[in-house]
Amino acid sequence: MSVLSYSESGWDTQDDRWDDWEDEEMNTPMKCLFCTHTFQSPITLFRHVKQVHGFDFPKIRAKLSLDFYQSMRVVNYIRTMGLQDPNFGNVSGFSIDGTEAFINDDAYLKPVIEDDTLLYALDELDLDDTASVTSSRIGSLSRTPRVEGFDSPANLKERELMARIRTLEHQMGLRDMEVKFVTEQFEEYRQMVKRQFYDNIDDKPTGEATKDSSQDGEKEPGSDYYFNSYAGNDIHMQMLQDKVRTEGYRDFIYDNKDVFKGKVVLDVGCGTGILSMFAARAGAAKVIAVDNSDIIHKARANVIENKLDGVITLVKGKIEELELPVEKVDIIISEWMGYFLLFEAMLDSVLVARDRFLAPGGLLAPSASYIYLTAISDEDYMNDQVNYWDSVYGFKMSAMKTSGPIAEADVDVIPSSSVMATRALIAEIDHGTTSSADLDFSSSFAIEATRDAAIHAFLGYFDVAFSREQSTPGPSREELCAPVYAANSSGDENKSPLSTVSPKSLWKQPEASMNGFTTGPHGAPTHWKQTVFVLKEPVAAKQGDQVRGQFVCKKSTTNPRELDLEITYYHVPASKKGDPEYTNQDVRHQKYQLR
């Protein structure tokens, strides 16, 4: 193997391959940053870039005192943008001011174009000369990166070679980082395989071993799918564009900056990192953002781009398994809510984080949550979702009803005009004291018809509260059970007796010093929508009649992220509603699944 040697007189003249290498490597045309034109010299290339594309790279480089590696990042960033957007080269007036995150992002040290000779010739530009690139003066050697063990370069060839050596050194560093990352990912995969397969092998028959594994909870059904479903952009855009959700968290954090100032905050299921960045902007001393989905890699980029990486630390993994860089945290923030509040069972993970990491007297945001049940009368919904199967292009498909909304709880946005009953609070959850076992619940309820109508379905939704102190997680029960609507006092008989939404039911109580939001039909629509429990047979109700019953909610036995729900109910005429012992003989029972 031939080895290039270096002496004070230059490259060893005995290496007869030097001239060939020079011809092949040093005379390779350099591609323009914005278009397909090529050039033999960086001077002519950057003259073209300035005159045609309006970007005076040498002048900007000198003005911002960009070093060799920062200059490389700029070149590679522009080339990356050109690959991502074919129209990028048509942009006029592209410029930088030195605050861009990519200037110090080592990801842009990796050449976009293989053997990009422009990178190795950057130091042919005179950084001390702020004149236009129209100057033909050869650049100074003073800014050429030094290579340890070698003297200063004596000519252009040596300078280009040293630049190439330094570039390769950085590329090797990046490759080392990539190898480390892949090694860590492989170790995670190996441990996952071990947990899912090898740890379950014993002397029992296959069926029995599978049963034990399920009972021990070593493998959550669908857990990989659950985390993978949060890796893409679409679901996060949907959540971020939900103003009720995102602004609800933002307003609590920004309205209570004194609560967050100087605190250590844990964000469970950080997603894009938006809540972590809210907390950092509010003055948190340190924020630890945790997510087991690959979205965390984009979250890290978001944090760096917004220059919050000095406050926010991102950790990939399950909160149940990983260790944090701190022993305790002061505040836990998390957007864990699913359909009907408890679908996806992410609150369980938040409770684990609370028990493992929350300091005594610490705060959870949100601090409490509430599930409500009411009733609707909605012919349009029934025709679209249920009665549709009575005639499908002239054919009856009644069997489809039994596996549709009647058997499976439906998630949809229901207009407030369809609501025809008061609401009942069926679950009140203090996030500071509840347990995972408590999240399976059974609750009695009684709702009252506010107008004459056929009850087609029960309707479920939830509210959340944000308190400054976990010791007072939410409003009083009296406030929670207050009517959604204020009575109509206008005397207009055409209006519903309950026509005006009360501020309390919308969490608009500036004097209450407590934030919150609702997902109910009386509020602005959210991505959680509402949960519809269609009745097999409608209930004919008059104003003042009641429906009483029992509501049961449990995690599914086949997938704990899903819910099995049961409703037992009966109709109570207005004349009998004063009798708490009254029981209608026509007691109905329905089961639903939320999948």
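Placed above this text is the structure.
Residues numbered from 1 in each chain as written. Predicted model: local features only at pLDDT ≥ 70, side-chain atom pairs only at ≥ 80, totals over all residues. Heavy atoms only, no water.

A.B. asks: It is not clear to me how the overall build of the chain should be interpreted in this structure. Could you clarify?
C.D. replies: Each helix and strand in the chain was counted, giving 17 helices and 21 strands. Across the chain, every contact between residues at least 6 apart in sequence was considered, and the portion connecting residues at least 24 apart equals 72%. As presented, the chain carries roughly 30,300 Å² of accessible surface, and 50% of it is formed by carbon and sulfur atoms. (Helix = DSSP H or I, 4+ residues; strand = E, 2+ residues; numbered from the N terminus. Contact = heavy atoms within 4.5 Å. Areas by Shrake-Rupley, 256 points an atom, 1.4 Å probe, with all protein chains shown as cover.)

A.B. asks: Where do I start with unusual backbone geometry in this structure?
C.D. replies: Residues other than glycine predominantly adopt negative phi, and peptide bonds predominantly adopt the trans conformation. For the peptide bond that leads from Ala 365 to Pro 366, omega is 5°, which places it in the cis range. With respect to the secondary-structure elements, Pro 366 resides in the loop between strand E9 (358-365) and strand E10 (368-376). Positive phi is not limited to glycine here, since Ala 345 has a value of about 55°. Following the sequence through the fold, Ala 345 ends up in the loop between strand E8 (329-333) and helix H14 (347-357). Owing to a relative accessible area of 13%, Ala 345 belongs among the buried residues under this scheme. At Lys 529, a position not held by glycine, the phi torsion is positive, near 55°. Looking at the secondary structure, you find Lys 529 in the loop between strand E17 (515-518) and strand E18 (530-541). (Buried < 20%, exposed > 50% of the residue type's maximum accessible area, 1.4 Å probe, protein only.)

A.B. asks: Looking at this model, I keep getting lost on the packing of helix H10 (residues 243-255) against helix H12 (residues 274-281). Mind explaining?
C.D. replies: Angle between the axes and distance between the axes are the two parameters that describe a pair of packed helices. The interhelical angle for the contact between H10 and H12, taken along N-to-C directions, is 20°, at an axis separation of 9 Å. Considering their axes alone, H10 and H12 lie roughly parallel with respect to each other. Considering only the axes of H10 and H12, their crossing is right-handed. Touching Thr 246, Tyr 249, Arg 250, Ile 253 and Tyr 254 of H10 are Ile 274, Leu 275, Phe 278, Ala 279 and Arg 281, all from H12. (Axes fitted to C-alpha atoms, helices over the stretch in contact; angles between N-to-C directions. Parallel < 35°, antiparallel > 145°, perpendicular 65-115°, else oblique. Left-handed = near helix turned anticlockwise from the far one by under 90°.)

A.B. asks: How should I be thinking about the packing of aromatic side chains in this particular structure?
C.D. replies: What characterises a pair of aromatic rings is the spacing of the ring centres plus the angle enclosed by the ring planes. For the structure on display, the rule yields 26 aromatic pairs. On the numbers, 5.2 Å between centres and 75° between planes, the contact of Phe 68 with Tyr 69 is edge-to-face. Of the two residues examined, Phe 68 and Tyr 69, each falls in the buried class. Aromatic side chains Phe 458 and Tyr 569 sit 5.2 Å apart centroid to centroid with 80° between the ring planes, which places their arrangement in the edge-to-face category. Linking Phe 458 in strand E14 (residues 453-466) with Tyr 569 in strand E20 (residues 563-572), this pair joins segments that are 111 residues apart in sequence. Judged on exposure class, the residue Phe 458 and its partner Tyr 569 are both buried. Lying over the aromatic face of Tyr 254, Lys 257 brings its terminal NZ or CZ to 5.3 Å of the ring centre. In this structure, Arg 423 is placed above the aromatic ring of Tyr 372, and the distance from its NZ or CZ to the ring centre is 4.1 Å. (Phe/Tyr/Trp six-rings, centres within 6.5 Å; stacked < 30°, edge-to-face > 60°. Lys NZ or Arg CZ within 6 Å of the ring centre and 35° of its normal.)

A.B. asks: I would appreciate a short explanation of the sheet that holds strand E19 (residues 546-555) in the present structure.
C.D. replies: Strand pairing in a sheet takes place through backbone hydrogen bonds and is either antiparallel or parallel in direction. An order of E13-E19-E20-E21 is seen for the four strands of this open sheet, with the pairing classed as antiparallel. In this open sheet, the two strands that pair with only one neighbour each are strand E13 (441-448) and strand E21 (588-594). Strand after strand, the sheet turns through a mean of 20° between neighbouring axes, direction not considered. The sheet contact formed by E13 and E19 spans eight bridges and is antiparallel. Its bridge partner lying in E19, Phe 445 is registered against Gly 549. (Pairing = 2+ DSSP bridges.)

A.B. asks: Is there a simple way to think about a nonpolar patch on the surface in this case?
C.D. replies: There is a patch of nonpolar side chains on the surface, built from Tyr 388, Tyr 393, Phe 395, Met 397 and Met 400 and spanning about 600 Å² of accessible area. Along the chain, Tyr 388 falls in the loop between helix H15 (379-385) and helix H16 (399-402). Tyr 388 sits in the partly exposed class, given a relative accessible area of 40%. (Patch = residues over 30% accessible without salt bridge, like charges linked within 9 Å, V, L, I, M, F, W, Y side chains within 5 Å. Salt bridge = Lys/Arg side-chain N within 4 Å of Asp/Glu carboxyl O.)

A.B. asks: Would you take a moment to explain H10 for this structure?
C.D. replies: Along an α-helix, residues three or four apart share an orientation, since each turn contains 3.6 residues. Taken residue by residue, H10 has Arg 245, Thr 246, Gly 248, Tyr 249, Phe 252 and Ile 253 as its buried positions. For H10, the buried positions fall inside an angular range of 160° around the axis, keeping them on one side. In this structure, H10 carries Lys 243 and Asp 255 as exposed residues pointing more than 90 degrees from its buried face. Its side-chain oxygen placed 3.2 Å from the backbone nitrogen of Val 244, Asp 242 serves as the N-cap of H10. (Arc of directions from axis to C-beta. Polar contact = N/O pair within 3.5 Å; in protein donor to acceptor, adjacent residues only side chain to side chain.)

A.B. asks: Just to check I follow, could you spell out the sheet that holds E8 for this structure?
C.D. replies: Taken in spatial order, the five strands make up an open sheet running E7-E6-E5-E8-E9, and their pairing is parallel. What marks the edges here is a single partner per strand, and that holds for strand E7 (312-316) and E9. Between one strand and the next, the sheet's axes are offset by a mean angle of 20°, whatever the strand orientation. Where strand E5 (residues 264-268) and E8 come together, three bridges link them in parallel fashion. Note that in E8 the partner of Asp 267 across the bridge is Ile 333. Docked against the sheet, H14 engages E5, E8 and E9, running at close to 155° with respect to E9.

A.B. asks: Please explain the side chain of Glu 335 as it appears in this structure.
C.D. replies: Structurally, Glu 335 can be placed in the loop between E8 and H14. There is a polar contact of 2.7 Å between the side chain of Glu 335 and the side chain of Arg 245. In terms of polar contacts, Glu 335 uses its side chain to reach the backbone amide nitrogen of Met 337, at 3.2 Å. Other than its neighbours up to four places away in sequence, Glu 335 contacts Met 239, Arg 245, Tyr 249, Val 268, Leu 275, Met 346, His 527 and Trp 528.

A.B. asks: I'm lost on the pattern of salt bridges in this one. Help?
C.D. replies: Opposite charge on two side chains permits them to pair, given that their charged atoms come into close proximity. Per the stated rule, a full pass over the model turns up 17 salt bridges. For Glu 247, the salt bridge identified is with Arg 250, shortest N-O distance 4.0 Å. Placement of the pair is Glu 247 and Arg 250 together in helix H10, with a separation of three residues, close to one helical turn. For Arg 250, a relative accessible area of 28% puts it in the partly exposed group. The closest approach of N and O atoms between Asp 251 and Arg 250, which form a salt bridge, is 3.0 Å. By relative accessible area, Asp 251 is classed as partly exposed at 30%. Among the charged side chains, a network of salt bridges with common partners joins Glu 247, Arg 250 and Asp 251.

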